[in-house]
2 protein chains.
Amino acid sequence: MVNLIMIIMMSKNITKKGILYGVGVGPGDPDLITLKAIKAINAIEVIAYLIGDNGKSLARSIAADHIGDDKQEIAIPIPMLSDPKPAMAIYDEAAITIGNQLKNGHDVAMLCEGDPFFYGSFMYIYSRMIDEFKIKIIPGISSIMAASAATGVPLASRNDVMAVIPATLSEDKLSAKISVVDRAVFIKIGSNLEKIRRLLIKYGLIDRAIYIEYASMDKQKIMALNDVDGDVAPYFSLIIIK
Amino acid sequence: MVNLIMIIMMSKNITKKGILYGVGVGPGDPDLITLKAIKAINAIEVIAYLIGDNGKSLARSIAADHIGDDKQEIAIPIPMLSDPKPAMAIYDEAAITIGNQLKNGHDVAMLCEGDPFFYGSFMYIYSRMIDEFKIKIIPGISSIMAASAATGVPLASRNDVMAVIPATLSEDKLSAKISVVDRAVFIKIGSNLEKIRRLLIKYGLIDRAIYIEYASMDKQKIMALNDVDGDVAPYFSLIIIK
């Protein structure tokens with residue numbers, strides 16, 4: 001009888017794949033995580049997350065209070081290089097590792113800064129796995145909402161068209177977008193700070209531009225773009241137009 | 001000695017105004033509220049929220065599990081009419097009621113569906129009070145993040161320009177916006193469903209359009225826009241382009 005139950009349980013494990021959860025843990029403040037994310041982290045045995053060049057995982061640190069000692073953790077070290085190839089190879093490998101857990105019937109919660117479907121690195125895992133596995137998303141507070149709240153600058157109201165514009169685009173493309181929207185948030189500032197500053201001067205928007213780095217985190221900094229020195233900003237910075 | 005302490009406490013109460021908190025409670029699923037919102041609701045004595053024509057407050061119902069019996073509640077009944085004047089008069093009055101609480105040294109938590117600074121009715125209270133009072137925002141999960149998660153359609157990645165476009169705009173304005181963005185979410189569908197359908201056919205996007213109503217709520221419905229009958233959608237509906 002025991003053997004029969006074991007066989008049934010084994011065959012269930014073999015046939016029923018686990019689900020991959022993309023779990024948004026919010027922009028940095030550990031209190032900006034949702035109950036839904038906490039419940040998923042509590043319920044799921046295997047937790048995955050990216051690790052940066054500094055050896056740390058921002059997503060894991062945001063959710064740290066909710067990760068028990070009993071979890072199995074998959075840490076994915078992603079190098080920040082101008083050449084994307086090494087990172088892509090690591091995503092390939094991570095997708096196989098996560099896929100093996102799912103095939104063994106284990107759910108996996110991948111922790112994602114902000115919202116998994118809003119400019120998140122989760123997309124690199126998602127695109128590699130969606131054809132073969134069931135994936136569910138738990139939305140998170142994104143950096144643009146956190147920046148809006150911290151600066152006191154509303155994102156949009158009534159009939160405003162709001163655009164989120166990566167500063168990585170060419171100057172021509174940026175110009176074409178800026179001219180047709182009512183409200184704009186520029187993300188991925190990094191080494192594109194000088195280009196965005198130049199464009200905002202050109203369009204008469206520089207005096208309305210608020211700069212914020214590390215929104216909602218302890219090291220958050222907010223200032224008028226006019227008061228920002230230098231040409232390079234941290235990766236976690238954005239510009240919002242009042 | 002006791003009298004002196006009382007005088008100090010009274011003068012402190014008289015001079016120190018309370019803070020108005022715009023508290024995002026998320027898109028509908030009660031588990032999509034943040035710890036920060038829950039902590040604010042627990043800590044603040046006076047809770048304010050809007051009430052619709054059906055006599056119900058969606059924001060209050062989302063947060064209901066966290067609202068103790070000891071709270072003072074300010075319910076603001078906003079009529080949904082094509083003439084905005086009656087609603088504006090009610091916002092004027094509500095701003096005075098909330099302002100009186102703040103002047104008496106009480107903080108007030110105004111509960112907001114989604115995110116307070118992202119197309120929220122909170123803007124009507126905010127604009128009436130920001131010159132006189134300190135206002136802090138607790139960001140919330142917005143309906144567009146909830147819709148993206150529920151439909152499995154990512155909002156944006158890498159260098160995408162993502163636009164949020166109110167369907168209430170004129171056909172000319174909508175055309176001008178649609179043609180310059182990579183990813184679009186149309187909000188405020190309501191009675192504008194037919195207009196958006198026509199435009200998406202014109203721009204060859206109709207087969208990629210996913211319709212969702214009541215994202216993250218029990219009555220959530222998702223379908224291809226091609227399969228949606230009729231010309232009018234509920235207020236809480238949006239269209240996302242895959």
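Fair warning: this is a prediction, and the values are worked out from it, not measured in the lab. (Residues numbered from 1 in each chain as written. Chains lettered and ligands numbered in written order. Predicted model: local features only at pLDDT ≥ 70, side-chain atom pairs only at ≥ 80, totals over all residues. Heavy atoms only, no water.)

Draft legend 1. Inspection of the overall build of chain A at higher detail. When its secondary structure is counted, chain A shows eight helices and ten strands. Classification of the 242 residues of chain A by burial places 54% in the buried group. Taking the intrachain contacts of chain A between residues at least 6 apart in sequence as the baseline, contacts between residues at least 24 apart amount to 71%. Per element, the accessible surface of chain A, about 11,300 Å² overall, is 53% carbon and sulfur. Put simply, chain A has 26 plus and 27 minus side-chain charges, and the middle of one group is 6 Å from the middle of the other. (Helix = DSSP H or I, 4+ residues; strand = E, 2+ residues; numbered from the N terminus. Buried < 20%, exposed > 50% of the residue type's maximum accessible area, 1.4 Å probe, protein only. Contact = heavy atoms within 4.5 Å. Areas by Shrake-Rupley, 256 points an atom, 1.4 Å probe, with all protein chains shown as cover. Lys, Arg positive; Asp, Glu negative; His and termini not counted. Charge placed at Lys NZ, Arg CZ, Asp CG, Glu CD.)

Draft legend 2. Quick peek at the pairing of strand β3 (residues 72–77) of chain A. Residue and element names in this part refer to chain A. Summarising the sheet, strand β2 (residues 46–51) and β3 pair through six bridges and their orientation is parallel. Paired with A48 across the two strands is I74, which belongs to β3. You can see the chain leave β2, run along helix α3 (residues 58–63) and come back into β3, and the turn it takes is right-handed. (Pairing = 2+ DSSP bridges. Right-handed = clockwise from strand over helix to strand, strands pointing away.)

Draft legend 3. Here's a closer look at the sheet that holds β3 of chain A. All names here are of chain A. Strand order in the open sheet formed by five strands is β3-β2-β4-β1-β5, with parallel pairing between adjacent strands. Of all strands in the sheet, those bounded by a partner on one side alone are β3 and β5 (135–138). The average undirected angle you get between the axes of adjacent strands in this sheet is 25°. Against the sheet, helix α4 (residues 85–103) contacts β1 (20–24), β2, β3 and β4 (108–112), and its axis sits at roughly 165° relative to β3. (Axes fitted to C-alpha atoms, helices over the stretch in contact; angles between N-to-C directions.)

Draft legend 4. Representation of the interface of chain B and chain A. Taken together, the contact between chain B and chain A spans 48 residues of the former and 48 residues of the latter. Of the roughly 4,100 Å² buried between chain B and chain A on both sides combined, carbon and sulfur atoms contribute 64%. The interface formed by chain B and chain A contains four salt bridges. As a salt-bridge pair, D31 of chain A and K39 of chain B come within 3.0 Å of each other at their nearest N and O atoms. Inspection of the region where chain B meets chain A yields 26 residue pairs in polar contact (both at pLDDT 80 or more). For the side of chain B that touches chain A, the secondary-structure elements that each account for two or more residues are α2 (35–43), α5 (122–129), β5 (135–138), α6 (143–151) and β6 (162–166) of chain B. Per element, the largest residue contribution to the side of chain B that touches chain A is five residues, and it comes from β6 of chain B. Relative to β6 of chain B, strand β6 (residues 162–166) of chain A runs antiparallel, the two being bridged by three bridges. Along β6 of chain B, the bridge assignment pairs A163 of chain A with A163 of chain B. (Buried area = accessible area lost by both parts, 1.4 Å probe. Salt bridge = Lys/Arg side-chain N within 4 Å of Asp/Glu carboxyl O. Polar contact = N/O pair within 3.5 Å; in protein donor to acceptor, adjacent residues only side chain to side chain.)

Draft legend 5. Representation of the sheet that holds strand β7 (residues 183–187) of chain B within the structure. Spatial ordering of the open sheet is given by β9(A)-β8(A)-β10(A)-β7(A)-β6(A)-β6(B)-β7(B)-β10(B)-β8(B)-β9(B), a layout of ten strands whose pairing is mixed. Edge positions in the sheet fall to β9 (221–224) of chain A together with β9 (221–224) of chain B, since each of these pairs with one other strand and no more. Mean inter-strand twist for the sheet, computed between neighbouring axes without regard to direction, equals 15°. For strand β8 (residues 209–213) of chain A and strand β10 (residues 237–241) of chain A, the ladder comprises five bridges, and the chain directions are antiparallel. Bridging across to β10 of chain A, I210 of chain A finds its partner in I240 of chain A. Sitting on the sheet, helix α6 (residues 143–151) of chain A touches β6, β7 (183–187), β8, β9 and β10 of chain A, and the angle it makes with β10 of chain A is about 60°.

Draft legend 6. Examining the relation of the copies chain B and chain A more closely. Overlaying chain B with chain A gives an RMSD of 0.0 Å, the required rotation being 180° about an axis along which the chain moves by 0.0 Å. The symmetry that links the two subunits is that of a two-fold axis. A symmetric contact is evident, with 100% of the interface residues of chain B recurring at the interface of chain A. (Least-squares fit on C-alpha atoms with pLDDT ≥ 70 in both.)

Draft legend 7. Representation of helix α4 (residues 85–103) of chain B. Residues and elements named next belong to chain B. Taking 1.5 Å of rise per residue, the 19 residues of α4 would be expected to cover 27 Å, and the 27 Å separating its terminal C-alpha atoms lies within 8% of that figure. Buried residues of α4: A87, Y91, A94, A95, I98, G99, Q101 and L102, and no others. The buried residues of α4 occupy one face: seen down the axis, they fall within an arc of 150°. Along α4, exposed side chains directed more than 90 degrees from the buried face belong to K85, E93 and I96. Residues of α4 that are buried sit in contact with β1 (20–24), β2 (46–51), β3 (72–77), β4 (108–112) and α5. (Expected span 1.5 Å × (residues − 1). Arc of directions from axis to C-beta.)

Draft legend 8. Just helix α8 (residues 193–202) of chain A, in detail. Residue and element names in this part refer to chain A. Turning to α8, its buried residues are L193, K195, I196, R197, L199 and L200. Elements that come into contact with the buried residues of α8 comprise α7 (171–178), β7, β8 and β10. One or two steps after α8, the chain reaches G204, where phi turns positive at roughly 70°.

Draft legend 9. Representation of the nonpolar core. Counting 49 residues, the largest nonpolar core has F186, L200 and I239 of chain A together with F186, L200 and I239 of chain B as the members making the most contacts within it. Those residues within four positions of L200 of chain B in sequence are excluded, and the remaining contacts are F186, L205, I206, A209, L225, I239 and I241 of chain B. By size, the runner-up hydrophobic cluster in this structure holds 44 residues, among which are I19, V23, V25 and L32 of chain B. (Core = buried A, V, L, I, M, F, W, Y, C linked by side-chain atoms within 4.5 Å.)

Draft legend 10. Local environment of unusual backbone geometry. Residue and element names in this part refer to chain A. Phi is positive for R158, close to 45°, though the residue is something other than glycine. Looking at the element boundaries, R158 is found in the loop between α6 and β6. Phi at S216 is positive, roughly 75°, even though this residue is not glycine. Counting through the fold element by element, S216 comes out in the loop between β8 and β9.

Draft legend 11. Inspection of the packing of α7 of chain A against α8 of chain A at higher detail. All names here are of chain A. Two elements in contact, α7 and α8, have axes separated by 11 Å at closest approach and are oriented at 40°. Between α7 and α8, the crossing angle belongs to the class labelled oblique. As α7 packs across α8, the resulting crossing turns out to be right-handed. Residues E171, L174, S175 and I178 of α7 form the contact with α8, whose own contacting residues are K195, I196, R198, L199 and K202. (Parallel < 35°, antiparallel > 145°, perpendicular 65-115°, else oblique. Left-handed = near helix turned anticlockwise from the far one by under 90°.)

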